[in-house]
Amino acid sequence: MSYSAEDVAELKMLCPEAAEGMEGSTPVLVLPSLVLPAGCVPPVVDALLWLAARDGYPSRLYLSQRVVKPGAQPNWNSDIRILERNWHAYSWNLNRTNLRPMQMIAEHLRGLQ
């Protein structure tokens, strides 16, 4: 999966400091201060969108902290180090793979609603 300059510009509307990164040969999108769905604790975290298939998932949204939300019990199943930081991900499989990065983020965040 790759992304375009338009994808990054769109992400900057969500996270003004969104940036491109590379982990080895895999492109990633770094999303500082991503606002999470209402009721999440903490309400804002740094995030990293792994665009390629990994660990049986078509993409992964990693968060800098495990998030708690009353009524939602995400299955936190991944603790990993990427770009010299520790990240966490919950089990959430996207049903479609032909999404723009912004759409991927929205789909991943459904796991916290």
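Heads up: the structure comes first, above all this text.
This report concerns the structure included in the present document. (Residues numbered from 1 in each chain as written. Predicted model: local features only at pLDDT ≥ 70, side-chain atom pairs only at ≥ 80, totals over all residues. Heavy atoms only, no water.)

## Observations regarding the overall build of the protein chain
Which entries qualify depends on this criterion: In this text, helices come from DSSP runs of H or I with a minimum length of four residues, and strands from runs of E with a minimum of two, each type numbered from the N-terminal end. As defined in this context, the radius of gyration uses C-alpha atoms, and a globule is described by 2.2 Å times the residue total to the power 0.38. Only protein chains enter the accessibility calculation, which uses a 1.4 Å probe; a residue is then buried when its area is under 20% of its type maximum, exposed when over 50%, and partly exposed in between. Contacts are assigned to residue pairs that have any heavy atoms within 4.5 Å of one another.
Scanning the protein chain for helices and strands turns up two helices and six strands. Along the chain direction, N to C, the helices and strands of the protein chain fall in the order α-β-β-β-β-β-β-α. A globule of 113 residues ought to have a C-alpha radius of gyration of about 13 Å, and the protein chain, at 13 Å, matches this closely. The dimensions of the protein chain, computed from C-alpha atoms along their principal axes, are 35 × 30 × 30 Å. Taking all 113 residues of the protein chain together, the buried fraction comes to 48%. For the protein chain, long-range pairs separated by at least 24 residues make up 44% of all intrachain contacts whose partners lie at least 6 apart in sequence.

## Quick notes on helix 2 (residues 101-109)
Note the cut-off: Throughout, the arc means the angular range of directions from the helix axis out to the C-beta atoms.
All of the buried residues along helix 2 are Pro101, Met102, Met104, Ile105, His108 and Leu109. Across the axial projection of helix 2, the buried residues extend over an arc of 160°, all falling on one side. In this structure, the buried side of helix 2 is in contact with helix 1 (5-14), strand 2 (26-35), strand 3 (44-50), strand 4 (60-63) and strand 6 (85-90).

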